[in-house]
Amino acid sequence: MSIPTPTPRAKRVNEIFDFSAGRGLEVGPLHMPLVPREAAEVSYLDLYDRDRLYESHKINPNVTRDGIPEIDFPMWDGTRMRTLDEAAKEGAPFDWALASHVVEHVPDLVAWLGQVEAVTAPDGALILVVPDRRYTFDAHRPPTTIGQILQAYEAGDTTPSVRAVFDHHRAAVNGDPKKLHRSGPSEAESCVHDLGYARTQLERARQGEYVDCHVWTYTDRSFPEIIAELRRLGLTGWSVETLLPVHENDIEFYVVLRRGLSAELPETPALPDWVEQGIELHEEVARLREVVKDQRRRLKSQREHLAGQRTEIDDLRGSKRWRLATALAAPLDRWRDRRKEE
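Keep in mind it's a predicted model, so treat the numbers as computed, not measured. (Residues numbered from 1 in each chain as written. Predicted model: local features only at pLDDT ≥ 70, side-chain atom pairs only at ≥ 80, totals over all residues. Heavy atoms only, no water.)

Time to look at the environment of Pro 142. Considering the arrangement of structural elements, one finds Pro 142 in the loop between β5 (120-131) and α5 (146-155). Between the alpha carbons of Pro 142 and Tyr 218 there is a distance of 9.5 Å; along the sequence they are 76 residues apart. Those residues in contact with Pro 142 that sit more than four places away from it in its chain are Arg 133 and Thr 217. (Helix = DSSP H or I, 4+ residues; strand = E, 2+ residues; numbered from the N terminus. Contact = heavy atoms within 4.5 Å.)

Right, here's the structure in full:
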């Protein structure tokens, strides 16, 4: 069987990791696994088995039953939703795990990282494809804090919190990644959902229902800082090994986490990225104001120059030389007019 043509995302994730090395687990492949079975020794874990996944995504025309691979480890066992490590323990340990657009959805980041750690080898890797909040429908949302992550962990969240559900649905905006890269979040101004819809989702969450959403918002700089801080707190054994930042006009970054990595933890930056972004925006506004001032000065200079020329013309028209030239030109003008009439 031939290997399917890789998508741009699959090509990029292969730039930072060799999936042919060892046994792997792809988490949440749905209908677009990044690592096909023909290319590596890989197993798939998702919420449900193939048939139920298809049934739950029937309204999505992009999801076909043939596109969904056989799910080796469904988290739903017929009676309850198991944790990732419970579902995948029969195949563990894996040399690597891969999750694309998953880590922003998990209700409890600390617990989820621990579950993946439990089913990977001591030197195993976790490869993540993560949307950067600045270039998606999260462009108007505030950044995730360590405090929020700790609160979800202390509460033992197994479903997205009320905070996450409301923020996700109320703050979601339409935005073009190219414009967001060029001009920032002001380019995304129209809300996707109205307040009524957001309140409906909020009530579902209050009743304990699992309302899927972006629980966390990351950037290609904040995410490695979060991982480093969780490690300082003794809450994870993962460290960042490799990071591929967001490409121009793209929406996501790629990161490899490694267990047992002995590299020194990076120092916490003096300013968070969102503060630096605000400073950069302030500096850009100041620069643009100077440009406007310079243009106004040039326009004023041009107006003064034009006013001086008009004064010179008025002075010339009032002079004896102008009156004499006008008197001499009059007969010539009449002669030209007669010639035209003839």
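So much for the structure itself; the text now carries on.
A few words now on the sheet that holds strand β3 (residues 73-74). A sheet is described by the order of its strands in space; here seven strands give the open sequence β3-β2-β1-β4-β5-β7-β6, paired in mixed fashion. Edge strands, defined here as strands with exactly one partner in the open sheet, are β3 and β6 (238-244). Across the sheet, helix α4 (residues 109-118) touches β4 (94-100), β5, β6 and β7 (252-259), and the angle it forms with β5 is around 135°. Where helix α9 (residues 222-232) meets the sheet, its contacts fall on β5, β6 and β7, and the angle it forms with β6 comes to roughly 170°. (Pairing = 2+ DSSP bridges. Axes fitted to C-alpha atoms, helices over the stretch in contact; angles between N-to-C directions.)

Here the focus is the side chain of Gln 201. Note that Gln 201 resides in helix α8 (residues 195-206). Under the relative-accessibility criterion, Gln 201 is labelled buried at 5%. Ignoring anything within four residues of it in the chain, the contact list for Gln 201 reads Val 165, His 169 and Val 211. (Buried < 20%, exposed > 50% of the residue type's maximum accessible area, 1.4 Å probe, protein only.)

Let us look at the pattern of salt bridges. Side-chain pairs of opposite charge can arise whenever the charged atoms involved come near each other. Per the stated rule, a full pass over the model turns up 19 salt bridges. Across the pair Arg 80 and Glu 86 runs a salt bridge, and its minimum N-O distance is 3.5 Å. For Arg 80, a relative accessible area of 41% corresponds to the partly exposed category. Taking relative accessible area as the criterion, Glu 86 reaches 30% and is therefore assigned partly exposed. Among the ionic contacts, a cluster of salt bridges with common partners joins Asp 132, Arg 134 and Asp 220. (Salt bridge = Lys/Arg side-chain N within 4 Å of Asp/Glu carboxyl O.)

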